[in-house]
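The residues making up each chain are set out below.
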Amino acid sequence: EVQLVESGGGLVKPGGSLKLSCAASGFTFSDYYMYWVRQTPEKRLEWVATISDGGSYTYYPDSVKGRFTISRDNAKNNLYLQMSSLKSEDTAMYYCARDVGLRLFAYWGQGTLVTVSA
Amino acid sequence: DVVMTQTPLSLPVSLGDQASISCRSSQSLVHSNGNTYLHWYLQKPGQSPKLLIYKVSNRFSGVPDRFSGSGSGTDFTLKISRVEAEDLGVYYCCQGSHVPFTFGSGTKLEIK
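All of the points below concern the structure found in this document.

Thresholds applied
- Residues numbered from 1 in each chain as written.
- Chains lettered and ligands numbered in written order.
- Predicted model: local features only at pLDDT ≥ 70, side-chain atom pairs only at ≥ 80, totals over all residues.
- Heavy atoms only, no water.
- Contact = heavy atoms within 4.5 Å.
- Buried area = accessible area lost by both parts, 1.4 Å probe.
- Salt bridge = Lys/Arg side-chain N within 4 Å of Asp/Glu carboxyl O.
- Polar contact = N/O pair within 3.5 Å; in protein donor to acceptor, adjacent residues only side chain to side chain.
- Helix = DSSP H or I, 4+ residues; strand = E, 2+ residues; numbered from the N terminus.
- Disulfide = S-S within 2.5 Å.
- Buried < 20%, exposed > 50% of the residue type's maximum accessible area, 1.4 Å probe, protein only.

1. Things to note about the interface of chain A and chain B
Move 1: Contact residues are listed per partner, giving 17 residues for chain A and 21 residues for chain B.
Move 2: Buried area between chain A and chain B, summed over both chains or domains, comes out near 1700 Å², and the portion from carbon and sulfur atoms is 68%.
Move 3: The largest share of the area that chain A buries against chain B comes from Leu45(A), Trp47(A) and Arg103(A), three residues that together contribute 39% of it.
Move 4: Put simply, chain A and chain B have 0 salt bridges between them.
Move 5: Taken together, the links from chain A to chain B amount to 7 residue pairs in polar contact (both at pLDDT 80 or more).

Set out below in structure tokens:
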């Protein structure tokens, strides 16, 4: 069974940093592209980052480019999202998700909540 | 960015009814490889979203056959043939044909 378990969320001040983690199990982690997707308090879903199976390629929307960094450790089956220069509009539930080679989010974790507030 | 417009925002239904949700994109979702990466997700209350339909009309593993997807180009539809209580929640369309991937704003399926 595919399992994705996020952690690392919390309350952070504007301009601060936070690192999220996602522990993967139930599949061969190194075979799949992985993503971070967030859901705002208004329930809007936004793609945040993509990383290729080997970790060589990463992609971001303009809203987080230069501030967020996605990475992975295939030996430990872990996915990460380093977030810096956080803004109030980054407040959201952050989900990690796995692809099946079809440019989609086939499996999702339960999410970790990030709140950016003074 | 591709804008995904879902209608209606709210869909009150009676159990056993058919339900239909529309999703329109601001540009064609036909990828350069010929595939159309239009997908549907359901988020039940208190849960993370789950994949229902991928590439317009393909049901994901374990999804009941009362769910069906159709459409092409910029116009897509999700239909639920006989709504059951477990189908209630918010449905989102999402395009993966163009970067950034973008979602519709969601349609809340609720009991009339």
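2. Digging into unusual backbone geometry
Note on backbone geometry: most residues besides glycine have negative phi, and most peptide bonds are trans.
Move 1: A cis amide bond links Thr7(B) with the next residue in sequence, Pro8(B), at an omega value of -10°.
Move 2: In this structure, Pro8(B) sits in the loop between strand S1 (4-7) and strand S2 (10-13).
Move 3: For the bond running from Val99(B) to Pro100(B), omega is 5°, close enough to zero to count as cis.
Move 4: For Lys43(A), which is not glycine, the phi dihedral falls at a positive 75°.

3. Points about the state of the cysteines
Disulfide: a covalent bond connecting the sulfur atoms of a pair of cysteines.
Move 1: Summed over all chains, the structure comprises 2 disulfides over all chains.
Move 2: Cys22(A) shares a disulfide with Cys96(A); S-S distance 2.0 Å. With Cys22(A) in strand S3 (residues 18-25) and Cys96(A) in strand S9 (residues 92-98), this residue pair connects regions lying 74 residues apart in the sequence.
Move 3: Across the disulfide, Cys23(B) is cross-linked to Cys93(B) (sulfur-sulfur distance 2.1 Å). Taking the sign of the S-S torsion, about 75° here, the bridge from Cys23(B) to Cys93(B) comes out right-handed. With Cys23(B) in strand S3 (residues 19-25) and Cys93(B) in strand S9 (residues 89-95), the pair connects residues that are 70 residues apart, well separated along the chain. Assigned by exposure class, Cys23(B) and Cys93(B) land together as buried.
Move 4: Here Cys94(B) stays unpaired: no disulfide links it, and the sulfur of Cys93(B), its closest cysteine neighbor, is 7.8 Å away.

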